[in-house]
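Observations on the model geometry
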Amino acid sequence: MADTTEAAERLALVLTQGGLQKSTARVLAAFMFADTDSVTAGELADRLGISSGSVSGAIKMLSTVGLIERAPAPGSRREHHRMRDGAWATLMSTQNAAVRAMLEAADEGIEATGEDSPAARRLHEMRDFYGYMFRELPALIDRWRTERGT
C-alpha cells in the first residue's frame, strides 16, 4: 500500500488555507485517506500526533457541518466515526447545522438591532443570502446526485 501521508498533509494545508483550523483540517484529511471505513478518536490522535482534545474538537466541528458521523462498531467499546455518505452534498445543503445557525443568528441580530440600523442592513444581507442558498441548493444538489447516479 502506498504511503499517503504527504498527500493527506497537502490536503490539510489546502483546507487550512481555506479557513479551517489546522488540527480540524488534518483530522478531515485523515478521514479522507483512512484505509478503514471508520476510525476512533484515539487512532486519529496517534496517527496525527495531536492531543485527544484537538481530535475531539475537530470531530465535533466536522459532525456539525455534516462531513462525518458516528459509525456502528459492534464489539468495540470505543466510539467510531466515518465520512458520511454524500458528505460534500450535505455540507452544502440545509442539513448543515452551522449554516442554519448563521441564518438564525442573522434573524436574531436583526430583531436586536432594529430594522433601520447599519448593523441590520448587514444582517439582512447575510440572512437574505443564506435564505437564497437554502432555497436554491436543494435543486442543485439533486441534479448533482442524479448525474452521479446516487
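Above this text is the structure in question.
These notes cover the structure that comes with them. Just so it is clear, the model here is predicted, and its values are computed rather than measured.

Thresholds, definitions, all that
Residues numbered from 1 in each chain as written. Predicted model: local features only at pLDDT ≥ 70, side-chain atom pairs only at ≥ 80, totals over all residues. Heavy atoms only, no water. Helix = DSSP H or I, 4+ residues; strand = E, 2+ residues; numbered from the N terminus. Contact = heavy atoms within 4.5 Å. Areas by Shrake-Rupley, 256 points an atom, 1.4 Å probe, with all protein chains shown as cover. Lys, Arg positive; Asp, Glu negative; His and termini not counted. Charge placed at Lys NZ, Arg CZ, Asp CG, Glu CD. Expected span 1.5 Å × (residues − 1). Buried < 20%, exposed > 50% of the residue type's maximum accessible area, 1.4 Å probe, protein only. Arc of directions from axis to C-beta. Core = buried A, V, L, I, M, F, W, Y, C linked by side-chain atoms within 4.5 Å. Axes fitted to C-alpha atoms, helices over the stretch in contact; angles between N-to-C directions. Parallel < 35°, antiparallel > 145°, perpendicular 65-115°, else oblique. Left-handed = near helix turned anticlockwise from the far one by under 90°. Nonpolar A, V, L, I, M, F, W, Y, C, P; charged D, E, K, R; others polar. Phe/Tyr/Trp six-rings, centres within 6.5 Å; stacked < 30°, edge-to-face > 60°.

Let's shift gears to the overall build of the protein. Counting secondary structure elements, the protein contains 7 helices and 3 strands. Reading the protein from its N terminus to its C terminus gives the helix and strand order α-α-β-α-α-β-β-α-α-α. With the C-alpha coordinates aligned to their principal axes, the bounding extent of the protein is approximately 60 × 40 × 35 Å. Long-range contacts, defined as pairs at least 24 residues apart, comprise 46% of the intrachain contacts of the protein with a sequence gap of at least 6. Accessible area of the protein: about 9800 Å², with a carbon and sulfur share of 52%. Positive and negative charge centroids in the protein, built from 18 and 21 side chains respectively, lie 3 Å apart.

Taking 1.5 Å per residue as the helical rise, helix 4 (residues 52-64) with its 13 residues ought to reach 18 Å, and the 18 Å between its terminal C-alpha atoms agrees with that figure. Listed in full, the buried residues belonging to helix 4 are Val55, Ala58, Ile59 and Leu62. Burial along helix 4 is one-sided: seen end-on, the buried residues are contained in an arc of 100°. Summarising the contacts, the buried residues of helix 4 are in contact with helix 2 (22-33), helix 3 (41-48), strand 2 (68-71) and strand 3 (80-83). Glycine 66 sits one or two positions beyond helix 4 and adopts a positive phi of about 90°.

Among the secondary structure elements, alanine 29 is positioned in helix 2. For the pair alanine 29 and alanine 120, spaced 91 residues apart in sequence, the C-alpha to C-alpha distance is 38 Å.

Let us now look at the nonpolar core. Counting 24 residues, the largest nonpolar core has Val27, Phe31, Leu44, Val55, Leu67 and Ile68 as its most contacted members. For this core, the leading source of residues is helix 2, giving 6 residues. With sequence-adjacent residues up to four places away left out, leucine 67 is seen in contact with Leu28, Leu62, Arg82, Met83, Arg84, Ala87, Trp88 and Leu91.

Moving on, we get to the packing of helix 1 (residues 5-17) against helix 2. Packing of helix 1 against helix 2 brings their axes to within 8 Å, and their N-to-C directions diverge by 135°. On the basis of the axis angle, helix 1 is oblique to helix 2. In this structure, helix 1 crosses over helix 2, and the sense of that crossing is right-handed. Between helix 1 and helix 2, the residues in contact are Ala7, Ala8, Glu9, Leu11, Ala12, Leu15 and Thr16 and Lys22, Ala25, Arg26, Leu28, Ala29, Met32 and Phe33, respectively. Of the residues assigned to the contact of helix 1 with helix 2, the class counts are 10 nonpolar, 1 polar and 3 charged.

Turning our attention to the packing of aromatic side chains. A complete count under the given rule lists 1 aromatic pair for this structure. Aromatic side chains phenylalanine 129 and tyrosine 130 sit 5.2 Å apart centroid to centroid with 80° between the ring planes, which places their arrangement in the edge-to-face category. With a relative accessible area of 44%, phenylalanine 129 lands in the partly exposed category.

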